[in-house]
Amino acid sequence: MTHKIFPIFTIHEKITHMKTRLLLIIAFVLAGSLCFAQEQSDKLLSIDRIYASQEFSQQWAQPFQWIDGGNAYVKVEWEKGAQSVAKYITKSKEKTVIIPSEALIPEGKEKPIRIEDISFSNNLSKVLIFTNSARVWRTNTKGDYWVFDIATQKLQQIGKEFPASSLMFAKFSPNNDKVAYVSEFNIYTEDLTTGKVTALTTDGGQGIINGTFDWVYEEEFGCKDGFSWNPEKNEIAFWNLDASTTGTFYMIDNLDSVYARLIPLQYPKVGETPSACKVGVVDVATQAITWIPIEGSATENYIPGMQWIDAENLLIQQMNRHQNKLTVWIYHVPSKTLKTIYTETEETWVDLQYPDVSASWWTGNALLMVDNNQSFLRLTENDGWRHLYKINIASGEKTLLTEGDYDVASLVAVTKTEAYFHASPSNSTQRYLYSVSLNGGKKPKQVTPSKYEGINIYKASPNGKYALHTYGSALAANKVDLVTLPKHNIIEQLVTNTKFEEKLATLDLPTVEFFKVTTEEGIEIDGRMIKPSDFDPSKKYPVLFHVYGEPWGQVATDNFIGMWNIMIAQKGFIIIDMDNRGTPCLKGSEWRKSIYRKVGVVNAHDQALAAKEVLKFPYIDANRTTVWGWSGGGSMTLNLMFRYPEIYKTGMAVAAVSNQLIYDNIYQERYMGLPQENLQDFINGSPITYAKDLQGNLLVVHGTHDDNVHYQSMEMLVDELITQNKQFTMMAYPNRSHGLYERSNTTRHLYTLLTNYLLEHNK
């Protein structure tokens, strides 16, 4: 008989054993819980994940330039931390490295120069390299330039006698032996063989500007590069601005010295006289200048467009100060004769470039030439829709190319027989590419395949045979393909953002819906709604309205919603974007221009009435409503908070215009008229007028170095709120501009501030 032997424990030992087993069980459960918690945490975003790490960074296309009309292109490439420039045959993708990385190291130096942009000589034998840039107004347009000779593989710096990072808009002469550039408001040429530098203008400075523009021309007309070589001759056409009577606004630097430093900014406030502007042609050999005698007072007119159409003729675009009349002149340089070839008028305003999600900005206002430079294309709104016309230069005859009840969003390119443009006739939240015959009388054809829903933007080659196609949608990252036109065959996928989308797929993502509401006044408003992933229609959710609402922005569009919106949805909010009248929706001219002389009135009214309809949705908590916006959206936020406190309980206004009488003249006068003529309209539209009616929670944020919407705007509002004994919260970001991104940790801090304020007042 076999006996089983059992261990004999003391009571203490038994208890210890049971504790050990219990601890093991707890540890196992905790480990599982931690794993589950970690898994859940990985699905959620935080401020640090968005702004402190590179975890969710999208890729963007590297600097890219068409050559040979588009049959080839060059782009800057990175490999093992080094740059090079490669040429590709567009059709075959055959690659040739034309600037190897080692060739970018200047003689006597150890490190290569960093390429920020490139441009080619006409014969493609030389490359201009832009580097070491510095910011001017919004963008980095000052820097150093180097010339690389492809045949000799030699690198030489130009403009060495000028201060570092001071050259602007360098470009080769037609015969490739010189480079012209701007430095300190004067235009110079430099001989590439001898190194001789010649000043073509000498009066630059003290308010006189040659070859570039003042703040307001760049900001509101998209004008930066202010000179152009004759395509065949040794002469240059250029702009000259006299800003000597423009008032100076001072910003204060309190950070970089123990004593405050004043930063002067020539900035024409609304109602103030514009800079005097004229166009001249300078003979490079003799430096003799011929000024073009354009009619009208130089200070009551703008000249936002000028271009060579051949070796003898310039097209010049002139706007009156009210910006409701456009005149196009042709100037014959040899005979010095000037002739009007086209005029266009509106009761409201005439647009030069069209503010649209598909339109590029700061590209100048050159007209696209067709029919061997005998005609040009122009988008106009005289028949109630934004249509494309062809205008014959000799006869002035207009040919309508895009007949129908729909808007052209923006013009892309032309071939010998067709024009390409962005549009979306049936859905203003999206954009697609279309083509239409230059002869007129034919219906446009959609070029973008139907599978690409969302926002599709094209940068076409000069010959119109190829394009960079950038596309995306609300929950999809941007992608960039090189495609053929008009067949839209993909030659190469340049940007896929695969890693970003894989990372995005691991998150707890919201749902995005597009909707329409009709206000009690019968206005149909487009909207975009972002809902939490676990949305339950039986529950009540706080709502965050994001607004802009002025002529330069549309927000309810089918493109990527952004990481911050995803995080806010994860925290249980519904985020809503809506576009009121006055925004650049593709809904006809009356929709867009009904805001004339009513900025701050019509747009705020539409937004409030649309919000009232949204609050009727059973899952929206009408007691937890927040509105926020930036710039014009900040102004809208203030107007909504002050004028409709029964709707909006909390507001966050960033970089807002509180008083329309202190913003710039070109923008404000375009949409509001001149305060000398209709002052009350400016008062009626300004948020500061209604600050006394604040009832809810208000956060105002501004950068002290905002050269666009001056910090003065916030101080005036703060002073009025104090006068009216209204409590609020404010945040000033020292030495930050309108974009609030300069200096260390700014973006992260700002969005932490916005997030905390939102959560605090929507518990």
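All values derive from a computational prediction rather than experimental measurement.

A. Inspection of the overall build of the protein chain at higher detail. Helix and strand counts for the protein chain stand at twelve helices and 43 strands. Taken over the C-alpha trace, the protein chain has a radius of gyration of 30 Å; the compact-globule value for 763 residues is 27 Å, and the two agree within 12%. Expressed as lengths along the three principal axes of its C-alpha atoms, the size of the protein chain is roughly 125 × 70 × 65 Å. Considering the protein chain as a whole, with its 763 residues, one finds that 56% of them fall into the buried category. Intrachain contacts of the protein chain at a sequence separation of at least 6 include 58% that bridge at least 24 residues. Split by element, the accessible area of the protein chain, about 33600 Å² in all, is 51% carbon and sulfur.

B. Expanded view of the nonpolar core. Among the nonpolar cores identified, the biggest contains 61 residues, and L314, L315, I316 and F376 are the most heavily contacted of them. Take this core: its biggest share by element is five residues, from strand 22 (residues 325-332). For F376, the residues in contact, after removing those within four places along its chain, are L315, V328, I341, Y342, L367, L368, M369, V370, Y389, K390, I391 and I393.

C. A look at helix 12 (residues 746-760). An ideal rise of 1.5 Å per residue puts 21 Å on 15 residues; helix 12 measures up with 21 Å between its terminal C-alpha atoms. Of all the positions in helix 12, only T746, L750, Y751, L753, L754, T755, Y757 and L758 are classed as buried.

D. Local environment of helix 5 (residues 563-570). In terms of burial, helix 5 is a largely internal element, eight of the eight residues being buried. Within helix 5 the residues assigned to the buried category are M563, W564, N565, I566, M567, I568, A569 and Q570. Positive phi appears at G572, one or two residues downstream of helix 5, with a value of about 95°.

E. A look at the pairing of strand 40 (residues 620-630). A large share of strand 40 lies buried, amounting to eight of its eleven residues. Here five bridges tie strand 38 (residues 541-546) to strand 40, and the two strands are oriented parallel to one another. Note that in strand 40 the partner of F545 across the bridge is V627. In this sheet, strand 41 (residues 650-654) lies alongside strand 40 in parallel orientation, the contact comprising five bridges. Across the sheet, W628 pairs through a bridge with M652, a residue of strand 41. For the crossover that starts at strand 40, traverses helix 8 (residues 632-643) and ends in the parallel strand 41, the hand is right-handed.

F. The arrangement of the packing of helix 5 against helix 12 in detail. Where helix 5 contacts helix 12, the axes come no closer than 12 Å and their chain directions differ by 25°. By the angle between their axes, helix 5 is roughly parallel relative to helix 12. Classified by chirality, the crossing of helix 12 by helix 5 is right-handed. Side by side, helix 5 and helix 12 meet where W564, M567 and I568 of the first sit next to Y751, L754, T755 and L758 of the second. Residue composition of the contact of helix 5 with helix 12, grouped by class: six nonpolar, one polar and no charged.

G. Quick look at a nonpolar patch on the surface. A cluster of nonpolar side chains, contributed by Y250, I252 and L262, occupies part of the molecular surface with about 310 Å² of accessible area. Residue position: I252 is located in strand 16 (residues 248-253).

H. Spotlight on the confidence of the model for the protein chain. Averaged over every residue, the pLDDT of the protein chain is 93; residues scoring 70 or more account for 95%. In this model, residues 1-16 is a region of pLDDT below 50 whose contacts with residues beyond four sequence positions or in other chains number two contacts.

I. Region of the structure containing the sheet that holds strand 32 (residues 455-460). Spatial ordering of the open sheet is given by 32-33-34-35, a layout of four strands whose pairing is antiparallel. In this open sheet, the two strands that pair with only one neighbour each are strand 32 and strand 35 (490-495). Within this sheet the neighbouring strands show an average axis-to-axis angle of 25°, counted without direction. Both strand 34 (residues 476-484) and strand 35 contribute to a ladder of four bridges, which runs antiparallel. Following the sheet pairing, V483 is matched in strand 35 by I490.

J. Region of interest: the sheet that holds strand 4 (residues 95-99). Ordered in space as 1-2-3-4, the four strands form an open sheet in which the pairing is antiparallel. At either end of the open sheet lies a strand with only one pairing partner, and these are strand 1 (64-67) and strand 4. Each neighbouring strand pair of the sheet contributes to a mean axis angle of 35°, computed without reference to strand direction. Where strand 1 and strand 2 (residues 72-79) come together, four bridges link them in antiparallel fashion. Paired with Q65 across the two strands is V74, which belongs to strand 2.

K. Highlighting the pairing of strand 6 (residues 126-136). The buried count for strand 6 comes to eight of eleven residues, which makes it a mostly enclosed element. Counting the residues that bridge the hairpin from strand 5 (residues 117-120) to strand 6 gives five residues, and of these L124 lies at a positive phi of roughly 60°. Connecting strand 6 to the next strand, strand 7 (residues 139-149), in antiparallel fashion are two residues, including W137 with a positive phi near 60°.

L. Layout of the pattern of salt bridges. This structure, assessed with the given rule, holds 31 salt bridges. We note a salt bridge from D407 to R592, for which the minimum N-O separation is 2.9 Å. With D407 in the loop between strand 27 (398-400) and strand 28 (408-414) and R592 in helix 6 (residues 589-593), this pair connects stretches of sequence that are 185 residues apart. Between E677 and R597 there is a salt bridge; the shortest N-O distance is 4.0 Å. You can see E677 sitting in helix 10 (residues 675-685) and its partner R597 sitting in the loop between helix 6 and helix 7 (602-614), a full 80 residues away along the chain. Judged by relative accessible area, which is 28%, R597 ranks as partly exposed. Each of E381, R386, D407 and R592 takes part in a single network of salt bridges with overlapping partners.

Thresholds, definitions, all that
Residues numbered from 1 in each chain as written. Predicted model: local features only at pLDDT ≥ 70, side-chain atom pairs only at ≥ 80, totals over all residues. Heavy atoms only, no water. Helix = DSSP H or I, 4+ residues; strand = E, 2+ residues; numbered from the N terminus. Rg over C-alpha atoms; globule rule 2.2 N^0.38 Å. Buried < 20%, exposed > 50% of the residue type's maximum accessible area, 1.4 Å probe, protein only. Contact = heavy atoms within 4.5 Å. Areas by Shrake-Rupley, 256 points an atom, 1.4 Å probe, with all protein chains shown as cover. Core = buried A, V, L, I, M, F, W, Y, C linked by side-chain atoms within 4.5 Å. Expected span 1.5 Å × (residues − 1). Pairing = 2+ DSSP bridges. Right-handed = clockwise from strand over helix to strand, strands pointing away. Axes fitted to C-alpha atoms, helices over the stretch in contact; angles between N-to-C directions. Parallel < 35°, antiparallel > 145°, perpendicular 65-115°, else oblique. Left-handed = near helix turned anticlockwise from the far one by under 90°. Nonpolar A, V, L, I, M, F, W, Y, C, P; charged D, E, K, R; others polar. Patch = residues over 30% accessible without salt bridge, like charges linked within 9 Å, V, L, I, M, F, W, Y side chains within 5 Å. Salt bridge = Lys/Arg side-chain N within 4 Å of Asp/Glu carboxyl O. pLDDT = per-residue confidence, 0-100.

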